[in-house]
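# Structural overview for review
For reference, the chains in residue letters:
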Amino acid sequence: MSGEEEELRALRSDPAPPKAHRPESLTFSTDTPSDGRVLWRRVLDGCSPTRRLPILTWIRRYEAEDALSDLIAGITLGLTMIPQSIAYATIAGLPSQYGLYAAFMGSLVYVFFGTVREVSIGPTSLMSLLTLEYTSGRPPQYVVALAFASGIVELAMGAFRLGGLVCLISVPVTSAFTSATALIIIAAQAGNLLGLSGGGGGFFTTLWSVFRKLPESTPGDTTLGVVCIVLLVALQHLPRLVPSNRHRSLHRLLWYVSLSRNALIVLMAALLARHLAATPAGCPFRLSGRVEPGIPGFQWPAQDIIVGNTTVPFPQVIRELGSGLLLLPLVAVLANVAIAKAFANDGVVDATQELFALGLCNVLGSCFRAMPTTGAFTRSAVSHASGVRTPLAGLYSALLTLLALGVLTPHFRFIPRATLAAVLMTAVAPMIDLALVRRLTRLPATRADLLSWVVCFGVCLTWGVEVGLLCGMATSLIEPLRHWMLPQADRTTISGPGLAHRRIRPNPGLLYPGADRLRTLVLAEARHSDALPLVLDCERLVALDHSAAKALRELAGEVERCGTRLLLRNVQPSWIQALKLHETDDGLVFEQSA
């Protein structure tokens, strides 16, 4: 469990902010429209300004008390976001300013289009690592193109309401994916922590490279990195020194200091490096280097890229990004919707609007050279615990980021790389969730859950996170596919009032993979039913396709040749005509077997 989660749990006794100003969580009805006018009304409702611009709903109730709470939360969030964004840019192999561009645009756009006040959009460790996977060794323009293409895919997913696709990723797969990602990031940053150059590649390759170069580690970077990790961990637990029920004000002050620990450590390390750089001995740390000041001007991202003396057309850039065009948006949507559900009222989230908001954050951000973004749980937890009232808190954190870009960038070059490595390693370490493995060995977990965790975790570390996620998803689908391919059926002899029969009740659905299995079960009953009619109870069936319907019709004839009848009961009305059934005193039968 992360430090922020522990702090949130400890603060549950604090009075929660009023819920009256939370952006409404909107949902769509799943009822089938009865006519074209109902469908047209739903389309208009989905495109209404108040639904697509949630700020129009809550800004009318905005008060001075909300403004003060949002200001405090926004500043606190900004102090957390700025050093994290600089560090996450280094994971993606980018200059530090690209992380700040993403933090600024993500925070600003979500103010207008976001539905959950706590969500913080910006660069994250997951997105940075995936960005590195697809753009390593390429110019930064490829990262901008990836952010633009990801935003377009997210907008398309929102237009077609495909947010439910994240349900294909199970909790064990998500846990294994994030745990493996955290280990990969820690291994990659170990070199910077020790002052080593080079590195890169897969998890085991990176570990071996660090181990082989240990004699080359520099004392200055190693000492600074270890001290920064110790200080970060100590500051994380600082509020525990004072009980909240006895000294609430002091506890709150220490808690804010704890939340700002990344900014404090980065600031102290930068000041130390600047002081040492002015001495005759020079600075003993490797520094980040120059950071380009200010927000760049608007630039359309869908354009050709010059690599050396060659111009790469934009369509070719998109082709070179390959599966990242789908995997990156899928991971972004998974993270953002999961975070939104964690903080929204009763877990109800307008997933479609969140997709639109995330897509716009990436599309508009790419116009200002931002890297791909999504929601960050750590920063969202900080926002929640800081008493945020509305998404307008993102405006203050965006302004703080803009201030850093405009004023502080000349000083960013003094930030030691070992300090950024320490910030990253302490930030992602709580993502390692090995305790879930123990829980997966107990009910109600299945062997498929444990297998999907092991496969996803192992493949992520061995062949890359994108391959690991896909393999984990495929493995986790074994269990639901097993139920559809090998449907079970309750079989009971009914001998009470009325027709004596042998009842067969399959579940949960009958699609083409399970048609042969059900045919085998029914024919086995027909051969040993002692001429009792067979009643196929369709009460539990939730799906039926053409192949299964055809198999049922053929099955009725085979049952008749065994000397008995096949009756159907509790059939959904919409299936009766499709199956060409007609009513008898005992139940529904197929026309050809009447």
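Remember, it's a predicted structure, so these values are computed and weren't measured experimentally. (Residues numbered from 1 in each chain as written. Predicted model: local features only at pLDDT ≥ 70, side-chain atom pairs only at ≥ 80, totals over all residues. Heavy atoms only, no water.)

We now examine the nonpolar core. Membership of the largest hydrophobic core comes to 111 residues, with the highest contact counts inside it found for Phe 177, Phe 412 and Leu 469. With 12 residues, helix H15 (residues 324-343) is the single largest residue contributor to this core. Those residues in contact with Phe 177, other than ones at most four positions away along the chain, are Leu 126, Leu 130, Val 331, Cys 456, Cys 460, Val 465 and Leu 469. If you look at the next biggest cluster of nonpolar residues, it comprises 26 residues, including Leu 510, Leu 555, Leu 566 and Phe 590. (Core = buried A, V, L, I, M, F, W, Y, C linked by side-chain atoms within 4.5 Å. Buried < 20%, exposed > 50% of the residue type's maximum accessible area, 1.4 Å probe, protein only. Helix = DSSP H or I, 4+ residues; strand = E, 2+ residues; numbered from the N terminus. Contact = heavy atoms within 4.5 Å.)

Quick look at empty space enclosed by the protein now. Using the criterion set out here, one finds 5 cavities of 30 Å³ or more in the structure. Computed from the structure, the second largest cavity encloses a volume of approximately 80 Å³. Lining the second largest cavity are 15 residues; nearest its centre among them are Leu 77, Val 119, Ser 120, Pro 391 and Gly 394. Elements with a contribution of two residues or more to the lining of the second largest cavity: helix H6 (96-113) and helix H18 (393-412). Residues of the lining of the second largest cavity, tallied by class, amount to 7 nonpolar, 6 polar and 2 charged. (1 Å grid on protein atoms, 1.4 Å probe; cavity = no way out; pocket = protein on both sides within 12 Å on 5 of 7 lines; lining within 4 Å. Points joined across faces, edges and corners; volume = space filled by probe spheres on them. Nonpolar A, V, L, I, M, F, W, Y, C, P; charged D, E, K, R; others polar.)

One number sums up the size of the largest pocket: a volume of about 1,100 Å³. Lining the largest pocket we find 39 residues, and of these Thr 174, Thr 178, Ile 339, Phe 377 and Met 431 sit closest to its centre. Taken together, the elements giving at least two residues each to the lining of the largest pocket come down to helix H5 (64-91), helix H7 (125-135), helix H9 (171-194), H15, strand S4 (374-375), helix H17 (377-385), helix H19 (417-428) and helix H20 (435-439). It is H15 that contributes the most residues to the lining of the largest pocket, 8 residues altogether. Tallied by class, residues from the lining of the largest pocket come to 23 nonpolar, 11 polar and 5 charged.

As a further point, take the side chain of Ser 380. In this structure, Ser 380 sits in helix H17. Judged by its relative accessible area of 0%, Ser 380 falls in the buried class. Within the structure, the side chain of Ser 380 is placed 3.2 Å from the backbone nitrogen of Ser 120, a separation counted as a polar contact. For Ser 380, the residues in contact, after removing those within four places along its chain, are Glu 118, Val 119, Ser 120, Ile 339 and Phe 343. (Polar contact = N/O pair within 3.5 Å; in protein donor to acceptor, adjacent residues only side chain to side chain.)

This part covers the packing of H5 against H18. Where H5 meets H18, the closest approach of the two axes is 7 Å, and the angle between their N-to-C directions is 40°. Relative to H18, the element H5 is oriented oblique. Along this stretch, H5 crosses H18, giving a crossing that reads as right-handed. Within the contact between the two elements, H5 uses Ala 67, Asp 70, Leu 71, Ala 73, Gly 74, Ile 75, Leu 77, Gly 78, Leu 79, Met 81, Ile 82 and Ile 86 and H18 uses Ala 393, Tyr 396, Ser 397, Leu 400, Thr 401, Ala 404 and Phe 412. For the contact of H5 with H18, the per-class residue count stands at 14 nonpolar, 4 polar and 1 charged. (Axes fitted to C-alpha atoms, helices over the stretch in contact; angles between N-to-C directions. Parallel < 35°, antiparallel > 145°, perpendicular 65-115°, else oblique. Left-handed = near helix turned anticlockwise from the far one by under 90°.)

All right, on to the packing of aromatic side chains then. Tallied over the full model, the rule gives 9 aromatic pairs. Geometrically, the ring pair formed by Phe 148 and Phe 314 is edge-to-face, given 6.3 Å between the ring centres and 65° between the ring planes. Separated by 166 residues along the polypeptide, Phe 148 in helix H8 (residues 140-159) and Phe 314 in helix H14 (residues 314-321) bring together distant segments of the chain. Taking the relative accessible area as the measure of exposure, Phe 314 reaches 15% and is therefore buried. Linked through ring pairs, Phe 148, Trp 300 and Phe 314 together constitute an aromatic cluster. (Phe/Tyr/Trp six-rings, centres within 6.5 Å; stacked < 30°, edge-to-face > 60°.)

Geometry only, nothing functional implied.
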